[in-house]
Amino acid sequence: MSGVRRLGARWRRRRPLRTRLALAASAAVALVAVGVCAAAFFVIRYELLHQLDLSLTQSATRVVQENRGEGPQIVAGECRFLSAPACAQVVPADPAADPEAAYLLPVSAPVREVAARTRAPYFSNVTRFGHSLRMLTTPFGDGRALQVALRADPVERGVRQAAVLLAAVGGAGVLLAGLLGYAVSRTGLAPVARLTSTAERIAATRDPRHRIELPPGPPGRQDEVTRLAASFNTMLGELEQSVSAQRRLVADASHELRTPLTALRTNAELLARADRLTPAQRERASGALGRQIREVTGLVNDLIELARDEEPLPLVEEVRMAELAEHTVAMARTHWPRLRFEVEVGPGAAEAVRPGVPARLARLLTNLLDNAAKFSPPDAPVEVGLSAYGSGDGLELTVRDHGPGIAAEDLPYVFDRFYRAEAARALPGSGLGLAMARQIARAHGAELTASAAPGGGALFTVVFGGEGP
């Protein structure tokens, strides 16, 4: 039995889904058609036999009424003809009382039992005169039984004709079921076929811009297959964006790495001929080489950080945001000694904590402070604000500078990787700091936005809401 199941499972795996669905639908409709035809056949057969039995019962009643006091005899014997009345004979319970003339109908032990009132009346099928007869055996007074028979071959012929007709109807139903099953599978699986074709085309061309054509209709009334195709289109859109972002990242990273790597190679080749350089030249080349190594190292580290979408859960802890802001600003003062940094902590924010990775949150604020410091004039402060909002569950961290601000055409792109505005092209940096800051913010359940500050300068706002990572 298990071998049969394995064979059936192997057959299903080797057949397309459309074939299996067509066979299943055809089998279901065919079973219904065959079942209806079979039920109709038995109903017709029962009704025809029932009508014949009613005719026998009426004939028996008429014979009983017309021959009440007579003894064993043959009442009528013309049933060999279709238009003749029923054959009828009276049989005693005791064989010794039989008449001298032979009976037309067969007399058996059950007939004597009916005559003796030890058996109930019954119908039976016999063959006489070369024809099939339907016979009723019923009591006839005391100690006698009445046998009444009619030709049954018209009923049998009608049953056979009904069987042939219903078999033809059932066969046509099975054929129609096959056609309907094929149509249902073809129509129902058309979106799946388009989905498969699109997936194969994407696998062959590696181009996620292809989409599955969806049938027209309101979104709320789509069937399951159409919703599957719509979800697949959405997934393709996300895949296309991911592939495009990956290609842009590779292109931008290769562009940004080309210049420092060229400078590294130049300085390395220059130091390889150190015997031809003066001590001052060797020192300058060595310093330039160290700066370029740090620049490349920082760029590579930033790329690694950007490639990570989530924070490591084992490092998440409750972070007191006010203390983290004070510590990060203190570190920024050592990096930018010529600038003035101011921190303002609002009511309710001094004791506020957020779940997160302290080093990553510090990196977020450091990137914002470095960006603000690059554009701040020496006589203007960089302002850091921390305030609570709502019922105290939300925190808002702001970093503002008083520099030239962000141009309106640059504002939508300030968080893109490697994007640098015209005013920032001459300043140090790779264009990854703000992109990394936004990624860290989102990993901690926050949102980082940029806007023009009132009175000039740029304002970056980090809004913490919810529970964080």
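Scroll up to find the structure.
In this report, the structure presented in the accompanying data block is examined. Per chain, the residues get numbers from 1 upward, laid out in the order the sequence is written. Whole-chain, interface and lining totals are the exception, using all residues; otherwise, since this is a predicted model, local features are given only for residues with pLDDT of at least 70 and side-chain atom pairs are given and counted only at 80 or more. To get the side-chain values, take all heavy atoms of the structure and skip hydrogens and water.

1. Considering the overall build of the chain
Per the convention used, a helix needs a DSSP run of H or I reaching at least four residues, while a strand needs a run of E reaching at least two, with both numbered from the N terminus. Scanning the chain from terminus to terminus reveals 10 helices and 12 strands. For every residue, the accessible area obtained with a 1.4 Å probe (protein chains only) is divided by the maximum for its type, and the residue is called buried under 20%, exposed over 50%, and partly exposed between those limits. The buried share of the chain, reckoned over its 469 residues, is 34%. Put simply, 64% of the contacts in the chain that link residues at least 6 apart link residues at least 24 apart. What sets the accessible areas is the Shrake-Rupley method with a 1.4 Å probe; for residues, cover comes only from the shown protein chains. For the chain, the exposed surface amounts to about 27,300 Å²; the carbon and sulfur share of it is 58%. For this analysis, residues touch if any pair of their heavy atoms sits within 4.5 Å.

2. So, the pattern of salt bridges
Any Lys or Arg side-chain nitrogen located within 4 Å of an Asp or Glu carboxyl oxygen qualifies as a salt bridge. In the structure shown here, the tally under the stated rule is 9 salt bridges. Of the charged contacts, one joins Asp-98 and Arg-112 as a salt bridge, the two residues approaching to 2.7 Å between their closest N and O atoms. Here Asp-98 is found in the loop between β2 (87-92) and α3 (109-115), whereas its partner Arg-112 is found in helix α3, with 14 residues between them in sequence. By relative accessible area, which is 24% here, Asp-98 ends up partly exposed. Between Glu-323 and Arg-320 there is a salt bridge whose closest N-O contact spans 3.6 Å. Look at Glu-323 and you get exposed, because its relative accessible area is 53%.

3. Remarks on the pairing of strand β5 (residues 144-151)
Of all 8 residues that make up β5, 8 are buried, and the element is covered over most of its length. For β2 and β5, the ladder comprises 6 bridges, and the chain directions are antiparallel. When the bridges of β5 are listed, Cys-87 appears paired with Ala-149. Bridge count for strand β4 (residues 131-139) against β5 is 7 bridges, and the pairing is antiparallel. Residue Leu-133 lies in a different strand from β5, and its bridge partner there is Arg-151. Where β4 folds back on β5, the antiparallel hairpin that results is connected by 4 residues, among which Gly-141 adopts a positive phi of roughly 70°. In this analysis, strands are considered paired if DSSP registers two or more bridges between them.

4. Digging into the packing of helix α9 (residues 358-375) against helix α10 (residues 433-443)
Interaxial angles span 0 to 180 degrees and are taken between N-to-C directions of axes, which are lines fitted to C-alpha atoms, for helices over the stretch in contact. Close contact between α9 and α10 brings their axes to 9 Å; oriented N to C, the two are set at 145°. Considering the relative orientation of α9 and α10, their crossing is left-handed. Counting all contacts with α9, which are made through Arg-360, Leu-361, Arg-363, Leu-364, Asn-367, Leu-368 and Asn-371, the residues of α10 involved are Gly-433, Leu-434, Met-436, Ala-437, Gln-439, Ile-440 and Ala-441. Taken together, the residues that form the contact of α9 with α10 break down as 8 nonpolar, 4 polar and 2 charged. Rotating anticlockwise by less than a right angle from the far helix to the near helix defines a left-handed crossing, while the corresponding clockwise rotation defines a right-handed one. When residue character is reported, Ala, Val, Leu, Ile, Met, Phe, Trp, Tyr, Cys and Pro are called nonpolar, Asp, Glu, Lys and Arg charged, and the others, Gly included, polar.

5. Side note on a nonpolar patch on the surface
Two distance rules govern patches: like charges are joined within 9 Å, and nonpolar side chains (Val, Leu, Ile, Met, Phe, Trp, Tyr) within 5 Å, applied only to residues with over 30% relative accessible area and no salt bridge. There is a patch of nonpolar side chains on the surface, built from Val-29, Leu-175, Leu-176, Leu-179 and Leu-180 and spanning about 470 Å² of accessible area. At 4 residues, helix α4 (residues 153-188) tops the list of elements feeding residues into the nonpolar patch. When you line up the elements, Leu-176 lands in helix α4.

6. Overview of the sheet that holds strand β7 (residues 340-345)
Reading across the sheet, the 5 strands line up as β7-β9-β10-β12-β11 and stay open at both edges, with mixed pairing between neighbours. Here the strands that pair on one side only, and so sit at the sheet edges, are β7 and β11 (446-452). Here the average twist between neighbouring strands, direction ignored, is 15°. Sheet topology note: the strand β9 (residues 381-389)/strand β10 (residues 394-400) ladder contains 7 bridges and is antiparallel.

7. Some thoughts on the nonpolar core
Nonpolar core, defined: a set of buried Ala, Val, Leu, Ile, Met, Phe, Trp, Tyr and Cys residues in which side-chain atoms within 4.5 Å join the residues together. By size, the foremost hydrophobic cluster in this structure holds 39 residues, and its most contacted members are Leu-368, Leu-369 and Val-462. Counting residues per element, the ones that place at least two in this core are α8 (321-335), α9, β9, β10, α10, β11 and β12 (458-464). Looking at which element gives the most residues to this core, the answer is α9, with 8 residues. Judged by nonpolar contacts, the second largest core, of 15 residues, contains Ala-60, Val-90, Leu-136 and Leu-150.

8. Considering the environment of Leu-365
By the secondary structure assignment, Leu-365 is in helix α9. With near-sequence residues (within four places) excluded, Leu-365 lies in contact with Ala-325, Thr-328, Leu-397 and Val-399.

9. Section: unusual backbone geometry
For Arg-117, which is not glycine, the phi dihedral falls at a positive 65°. On the basis of relative accessibility, which here comes to 52%, the residue Arg-117 falls in the exposed class.

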